[in-house]
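Listed below are the residues making up each chain.
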Amino acid sequence: MRVLLTGGMGFIGSHTAVVLQEAGHEPVLFDNLSNADRSVASRIERITGRAPQFIEGDIRDGALLEKVLREEAVDAVIHFAGLKAVGESVVKPLEYFDNNLTGTLRLLEAMRASGVKRLIFSSSSTVYGPPAHLPLQETDPTGEATNPYGRTKIMIEEMLADLCRADPEWSAVCLRYFNPIGAHPSGLIGDDPNGIPNNLLPYVSRVANGRLPFLNVYGNDYDTPDGTGVRDYIHVMDLARGHAAALPYAMSHTGWRAVNLGCGRGYSVLEVVAAFEKASGRRVPVKFAPRRTGDIAANWCDPALARGLFGWEAKLTIEDMCRDAWRFESMRAAEAAAQTQS
């Protein structure tokens, strides 16, 4: 099956490309490289023995998307592309609405024009807003996001639901991620954002390796066991396998469906830091800072629906996540040092 991965060179997209290739599919990676590195394609080739097809482009370029969908004879789309930092979205809401909403609209128009009506969407647990209870289930209310990033995910989910109601030939599966971390066990690909990381584990990795001086922990007065935020962290390889498991469902069913992808339990920021220190053998200095606008105290999910629909469940532990993230960070640092010496 030929599958277009928008944002396919990014953190989750690249790991999903590996899983799809290993399952015999043909991923086509479409990315503007705004938060990814061109070398990812060659790294995927080193892992799988086969280079994925990469096309550089922006999801707001509808004409290019339609051309790619037609010429590559795409069967389905997995839509990862989008800006994703909660804090940044509060400061730059218009950029988030432009990229995430306009980009998705252009993608859907291109899919409709080319007759491709199977979509898996990279959604988020932020659509639930502050949870009234835990664990979160797909039947819980959405629409109360605390930040512009989350609102773009809500709007896109609603856009897809309306589209499926208007045209019964469409299938749209919205995978609501919790907090993906870790890296491929080879250490060749992982979460390596440009600039200062917005997500927890790449920041922790760089502190442990001396590239950043300390970790800012935003809020230590939440109503949680140690006062820091609690999240459902999931290994990126488990998440990638979740997309592969959702693909047959999307191809054989029509209509709109939301599904949680998480481990079903929460870890606090300080628990993650402790696990990373154990995995790396390095100390991670911490400084506490005020809460960030848009953050919530805790969330984790009930992943039962994914088991029932896809036969999928997360298998890797927080120790696996930290060990693989540290391997990736260590290898990237070694590569950078070797390039400097040469």
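Right, let's walk through the structure included here. (Residues numbered from 1 in each chain as written. Predicted model: local features only at pLDDT ≥ 70, side-chain atom pairs only at ≥ 80, totals over all residues. Heavy atoms only, no water.)

All right, on to the nonpolar core then. Core analysis: the largest hydrophobic core is formed by 40 residues, its most contacted members being Leu-5, Ile-120, Leu-175 and Phe-310. Of all the elements in the fold, those that place two or more residues in this core are strand 1 (2–6), helix 1 (11–22), helix 2 (40–48), strand 4 (76–79), strand 6 (171–177), helix 8 (236–252), strand 11 (255–261) and helix 10 (304–310). If you look at the next biggest cluster of nonpolar residues, it comprises 27 residues, including Val-77, Met-111, Leu-163 and Cys-174. (Core = buried A, V, L, I, M, F, W, Y, C linked by side-chain atoms within 4.5 Å. Buried < 20%, exposed > 50% of the residue type's maximum accessible area, 1.4 Å probe, protein only. Helix = DSSP H or I, 4+ residues; strand = E, 2+ residues; numbered from the N terminus.)

Moving on, we come to the side chain of Arg-2. Of note, Arg-2 is situated in strand 1. Within the structure, Arg-2 has its side chain in polar contact with the backbone oxygen of Glu-72 (distance 2.5 Å). When residues no more than four places from it in sequence are discounted, the contact partners of Arg-2 are Glu-26, Val-28, Gln-53, Glu-72, Ala-73, Val-74, Asp-75 and Ala-76. (Polar contact = N/O pair within 3.5 Å; in protein donor to acceptor, adjacent residues only side chain to side chain. Contact = heavy atoms within 4.5 Å.)

A word on the side chain of Asp-324. With respect to the helices and strands, Asp-324 occurs in helix 11 (residues 318–341). Classification of Asp-324 by relative accessible area gives buried; the value is 3%. When neighbours within four sequence positions are excluded, Asp-324 is seen to be in contact with Ala-183, Pro-185 and His-235.

Its 24 residues place the ends of helix 11 35 Å apart at the C-alpha level, agreeing with the 34 Å of an ideal helix rising 1.5 Å per residue. Taken residue by residue, helix 11 has Ile-318, Asp-320, Met-321, Cys-322, Asp-324, Ala-325, Trp-326, Phe-328, Glu-329 and Arg-332 as its buried positions. Where the residues of helix 11 are buried, they touch helix 2, strand 7 (179–181), helix 7 (200–208), strand 10 (233–235), strand 12 (267–268) and helix 9 (269–280). (Expected span 1.5 Å × (residues − 1).)

Right, let's talk about the sheet that holds strand 6 for a bit. Ordered by their spatial adjacency, seven strands build an open sheet running 3-2-1-4-5-6-11, and the pairing between neighbours is parallel. One side of each edge strand has no neighbouring strand; the edge strands of this open sheet are strand 3 (53–56) and strand 11. Direction aside, neighbouring strands of the sheet carry axes that sit 20° apart on average. Where strand 1 lies against strand 2 (residues 26–31), five bridges are found, and the strand directions are parallel. The partner of Leu-5 across the bridge, within strand 2, is Leu-29. Set on the sheet, helix 5 (residues 93–114) makes contact with strand 1, strand 4 and strand 5 (118–124); between it and strand 4 the angle comes to about 175°. (Pairing = 2+ DSSP bridges. Axes fitted to C-alpha atoms, helices over the stretch in contact; angles between N-to-C directions.)

Moving on to the environment of Val-273. Secondary-structure assignment places Val-273 in helix 9. Overall, the relative accessible area of 5% leaves Val-273 in the buried class. A C-alpha to C-alpha distance of 34 Å links Val-273 and Met-155, two positions 118 residues apart in sequence. Those residues within four positions of Val-273 in sequence are excluded, and the remaining contacts are Val-204, Leu-215, Val-284 and Val-286.

A few words on the environment of Ile-55. As for its position among the elements, Ile-55 is in strand 3. Under the relative-accessibility criterion, Ile-55 is labelled buried at 17%. For the pair Ile-55 and Asp-192, spaced 137 residues apart in the sequence, the C-alpha separation amounts to 20 Å. Ignoring anything within four residues of it in the chain, the contact list for Ile-55 reads Val-28, Leu-29, Phe-30, Asp-31, Val-68 and Glu-72.

Below, the discussion takes up unusual backbone geometry. For the bond from Leu-134 to Pro-135, the omega torsion is 0°, close enough to zero to count as cis. Of note in this structure, Leu-33 is not a glycine but carries a positive phi near 60°. Note that Leu-33 resides in the loop between strand 2 and helix 2. Judged by its relative accessible area of 16%, Leu-33 falls in the buried class. Its identity as a non-glycine residue notwithstanding, Ala-73 has a phi of 50°, on the positive side. Here Ala-73 is to be found in the loop between helix 3 (62–71) and strand 4.

Right, let's talk about the packing of helix 5 against helix 6 (residues 148–166) for a bit. In the contact formed by helix 5 and helix 6, the axes pass within 9 Å of each other and the chain directions differ by 20°. Put simply, helix 5 runs roughly parallel to helix 6. Regarding helix 5 and helix 6, the two cross each other, and that crossing is right-handed. Counted together, Pro-93, Tyr-96, Phe-97, Asn-100, Leu-101, Thr-104, Leu-105 and Leu-108 of helix 5 and Pro-148, Tyr-149, Thr-152, Met-155, Ile-156, Met-159, Leu-160 and Leu-163 of helix 6 form the full contact between these two elements. Here the contact of helix 5 with helix 6 is built from residues that sort into 13 nonpolar, three polar and no charged. (Parallel < 35°, antiparallel > 145°, perpendicular 65-115°, else oblique. Left-handed = near helix turned anticlockwise from the far one by under 90°. Nonpolar A, V, L, I, M, F, W, Y, C, P; charged D, E, K, R; others polar.)

With that settled, the discussion passes to the environment of His-184. The residue His-184 is located in the loop between strand 7 and helix 7 in this model. Residue His-184 is classed as buried on the basis of its relative accessible area, which comes to 8%. In this structure the C-alpha to C-alpha distance between His-184 and Met-159, which are 25 residues apart in sequence, comes to 33 Å. Of the polar contacts made by the side chain of His-184, one reaches the side chain of Ser-186; its length is 2.8 Å.

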